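Read off the chains here:
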Amino acid sequence: MSTEANVLSDLNPQPAPIVPVTLSATRPFYWSVRRELWENRSIYLAPLVAAVVVLFGFTLTAFRLPKLRANALALESVRQRAAIEVPYDIAAMMIMFTAFIVGIFYCLDALHGERRDRSILFWKSLPVSDLTSVLSKVFVPMVILPVITFVVIIATQFIMLMISTAALLPSGLAGTTWQLLPWPRLSVILFYGLATSVLWEAPVYAWLLLVSSWAKRATFLWAVLPWLAISAIEKLAFDTNFFAHMLVNRVTGGFEQGFVVVRYPKDTHAPVVDRLTELDPLKFLSSPGLWVGLVIAAVFLFGATRFRRCRGPL
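Reading the values: the criteria
- Residues numbered from 1 in each chain as written.
- Predicted model: local features only at pLDDT ≥ 70, side-chain atom pairs only at ≥ 80, totals over all residues.
- Heavy atoms only, no water.
- Helix = DSSP H or I, 4+ residues; strand = E, 2+ residues; numbered from the N terminus.
- Expected span 1.5 Å × (residues − 1).
- Buried < 20%, exposed > 50% of the residue type's maximum accessible area, 1.4 Å probe, protein only.
- 1 Å grid on protein atoms, 1.4 Å probe; cavity = no way out; pocket = protein on both sides within 12 Å on 5 of 7 lines; lining within 4 Å.
- Points joined across faces, edges and corners; volume = space filled by probe spheres on them.
- Nonpolar A, V, L, I, M, F, W, Y, C, P; charged D, E, K, R; others polar.
- Salt bridge = Lys/Arg side-chain N within 4 Å of Asp/Glu carboxyl O.
- Contact = heavy atoms within 4.5 Å.
- Phe/Tyr/Trp six-rings, centres within 6.5 Å; stacked < 30°, edge-to-face > 60°.
- Lys, Arg positive; Asp, Glu negative; His and termini not counted.
- Polar contact = N/O pair within 3.5 Å; in protein donor to acceptor, adjacent residues only side chain to side chain.

Enquirer: Pulling in residues and values, what's your account of helix α11 (residues 183-200)?
Expert: Taking 1.5 Å per residue, 18 residues should reach 26 Å; α11 reaches 25 Å between its end C-alpha atoms and fits that length. Residues of α11 that are buried: W183, L186, S187, I189, L190, Y192, G193, L194, T196, S197, V198 and W200.

Enquirer: Quick rundown of the layout of surface pockets? Include the residues and the values.
Expert: Roughly 570 Å³ of volume is contained in the second largest pocket. For the lining of the second largest pocket, the secondary-structure elements that each account for two or more residues are α6 (77-110), α12 (202-214), α13 (219-238), α14 (242-252) and α17 (288-310). In terms of residue count, α14 provides more of the lining of the second largest pocket than any other element does, 6 residues in total. Here the lining of the second largest pocket is built from residues that sort into 19 nonpolar, 2 polar and 1 charged.

Enquirer: Break down the pattern of salt bridges for me, with residues and values.
Expert: According to the stated counting rule, one finds 8 salt bridges in the structure shown. Across the salt bridge formed by E36 and R35, the nearest N and O atoms sit 3.4 Å from each other. Here E36 and R35 have matching classes, each one buried. Taking the shortest distance from any N to any O, the salt bridge between R308 and D130 comes out at 2.7 Å. One end of the pair, R308, is in helix α17; the other, D130, is in helix α9 (residues 130-168), and 178 residues separate them in sequence. The exposure class assigned to R308 is buried, which follows from its relative accessible area of 3%. Residue classification places D130 among the buried positions, given a relative accessible area of 13%. Shared partners join several salt bridges into a network, and the residues in it are R35, E36, E39 and K137.

Enquirer: Before we move on, can you summarise the environment of P203 with the specific residues and values?
Expert: Position of P203 relative to the elements: it lies in helix α12. What makes P203 buried here is its relative accessible area of 9%. Considered as a pair, P203 and A298 are 95 residues apart in the sequence and their alpha carbons are 8.0 Å apart. Setting aside its immediate chain neighbours within four residues, P203 contacts R250, G293, A297 and F300.

Enquirer: Give me the environment of P47: which residues, what numbers.
Expert: Tracing the sequence through the fold places P47 in helix α4 (residues 42-60). Separated by 52 residues in sequence, P47 and A99 have C-alpha atoms that sit 6.1 Å apart.

Enquirer: Describe in detail the packing of aromatic side chains, supporting the description with residues and values.
Expert: Throughout the structure, instances matching the rule amount to 12 aromatic pairs. Centroid distance F150 to F191: 5.5 Å. Interplanar angle 80°. Geometry classified as edge-to-face. With F150 in helix α9 and F191 in helix α11, the pair connects residues that are 41 residues apart, well separated along the chain. The exposure class of F150 is partly exposed, given its relative accessible area of 22%.

Enquirer: How would you explain the side chain of R250 if you had to name every residue and give the values?
Expert: Mapped onto the secondary structure, R250 falls in helix α14. The buried charged residue R250 lacks any salt bridge, with E201 as its nearest oppositely charged partner at 9.0 Å. Within the structure, the side chain of R250 is placed 2.9 Å from the backbone oxygen of G289, a separation counted as a polar contact. Those residues in contact with R250 that lie beyond four places of it in its chain are W200, E201, P203, V204, G289 and G293.

And the structure:
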């Protein structure tokens, strides 16, 4: 009987047990971020286009490098480094500015676009919470875009370094760039600068996502006009600009908080030291404005999550 039972069991195997797939195994946050990159190619295309424009302009002026380098070498050591670093700093600022603009318009359309094209009906049918969706969207301008910007800037500056070396090689000045340009130090400063600026601008991105989740149309106007109205009322009523200065500081004040700005007396005729040369993370992390801004950003993101839950398609 046992042999017959074994034969029957072999002919009729028991079905394999069903292993439940947990939500963590599907990695909803990871795939939500991947979806944002698939649907918004400007996140990485715009910095690349800016880099191509920078390289094109630098290549057009490469024939002037021998003369410019000879003039720079006639200066004192501090001014020599400053003159050589200028094109690389300009390239970094142009790409960073492009990435900032991309982040602004991405946030304005991130949640509004779902309701406009009615894809929100599909995305809400998936086992992904509204909080995960909102966090994946704010993750793009605060993490993904800065990382892409950093990589593009480093690659652009390296290509500029190669172009400069080739242009200066006939004049015998090619080695001066490698000697006087502190490229590894500039890379560390760039990474730190991107991190501080993103953390400082967190309320801006969170506010734009809040407007994107709430407004039915004209998201840019709804994002800008309330702050302009408050600034105008303050100016007319009290003849002050504190609110406008606060807004400007929230966009551009990350460098002031994260770096030490050293200025020399005018009578020495020394150049102003670039703020990117003096890192001060302790000052930045102890700044009340940083933590107040992060709390405000968390409130805005909470509001964006609630609006996404209750707002339907347009």
